[in-house]
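Read off the chains here:
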Amino acid sequence: MTRRENPDVHDNIPTTTPAAAATAPSAAKQPAPVAKGHDGHSVLKRLQSELMSLMMCGDPGISAFPEGDNIFCWKGTIHGSKETAYEGMVYKLSFAFPTDYPMKPPKVKFETACFHPNVDVYGNICLDILQDKWSSAYDVRTILLSIQSLLGEPNNESPLNTQAAALWVNQEEFRKMVEKLCKPT
């Protein structure tokens, strides 16, 4: 039975408060941030709501879940879209949510190597909605879909990887480089 088919799926949502998560044994390697002021509960509820929504949406090729008991740190997955240089590729991402989310965007990075004009060698992503165009109306689903779309439609005017940006015009060579540097999983 998948998580989506499980009527008790709400039991899988971490309900640990940020302060309790910081003292939990599984959070020892990376403590959870302590939410600021009285707003911490609303951030927790927002992230829990986004998790439920994401699990129920059924969008193909995207997923994300909290890492252990720390609801402020998530791991995401994006599948490369059909008819792009990334078709057949699966990319892992990390999300680190600030304590004032959704007023500030999460920090999102590729954990899997990704040869792309808007992704640097450290996995940092140049995407306007993760920076100056952020809106509290965006959610994890929006971010995942935007990054998935960015894979096939890069912004070559704002490259983090100039080699990838220069090679983008020659899709045959670009695809070879993607396959060489980013092994499908």
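Residues numbered from 1 in each chain as written. Predicted model: local features only at pLDDT ≥ 70, side-chain atom pairs only at ≥ 80, totals over all residues. Heavy atoms only, no water.

Peer 1: Break down the sheet that holds strand 3 (residues 90–96) for me, citing the residues and quoting the values.
Peer 2: Strand pairing within a sheet occurs via backbone hydrogen bonds; the two strands may be parallel or antiparallel. Reading across from one edge, 1-2-3-4 is the order of the four strands in this open sheet, with antiparallel pairing throughout. Every interior strand has two partners, whereas the edge strands, strand 1 (62–67) and strand 4 (107–110), have only one. With strand direction ignored, the average angle separating the axes of adjacent strands in the sheet is 25°. Here seven bridges tie strand 2 (residues 70–79) to strand 3, and the two strands are oriented antiparallel to one another. For His79, the partnering residue across the bridge sits in strand 3 and is Val90. (Pairing = 2+ DSSP bridges. Helix = DSSP H or I, 4+ residues; strand = E, 2+ residues; numbered from the N terminus. Axes fitted to C-alpha atoms, helices over the stretch in contact; angles between N-to-C directions.)

Peer 1: Tell me about the pattern of salt bridges, residues and numbers included.
Peer 2: This structure, assessed with the given rule, holds four salt bridges. Among the salt bridges present, the one from Arg46 reaches Glu50, with a minimum N-O distance of 2.6 Å. You can see Arg46 and its partner Glu50 sitting in helix 2 (residues 40–57), four residues apart, about one turn around the helix. Residue Glu50 is classed as buried on the basis of its relative accessible area of 7%. Here Lys176 ties to Glu172 by a salt bridge, and the two come within 3.9 Å at their closest N and O atoms. Here Lys176 and its partner Glu172 are both found in helix 5 (residues 171–181), four residues apart, which amounts to about one turn of the helix. When its relative accessible area of 45% is taken as the criterion, Lys176 is described as partly exposed. A relative accessible area of 55% places Glu172 in the exposed class. (Salt bridge = Lys/Arg side-chain N within 4 Å of Asp/Glu carboxyl O. Buried < 20%, exposed > 50% of the residue type's maximum accessible area, 1.4 Å probe, protein only.)

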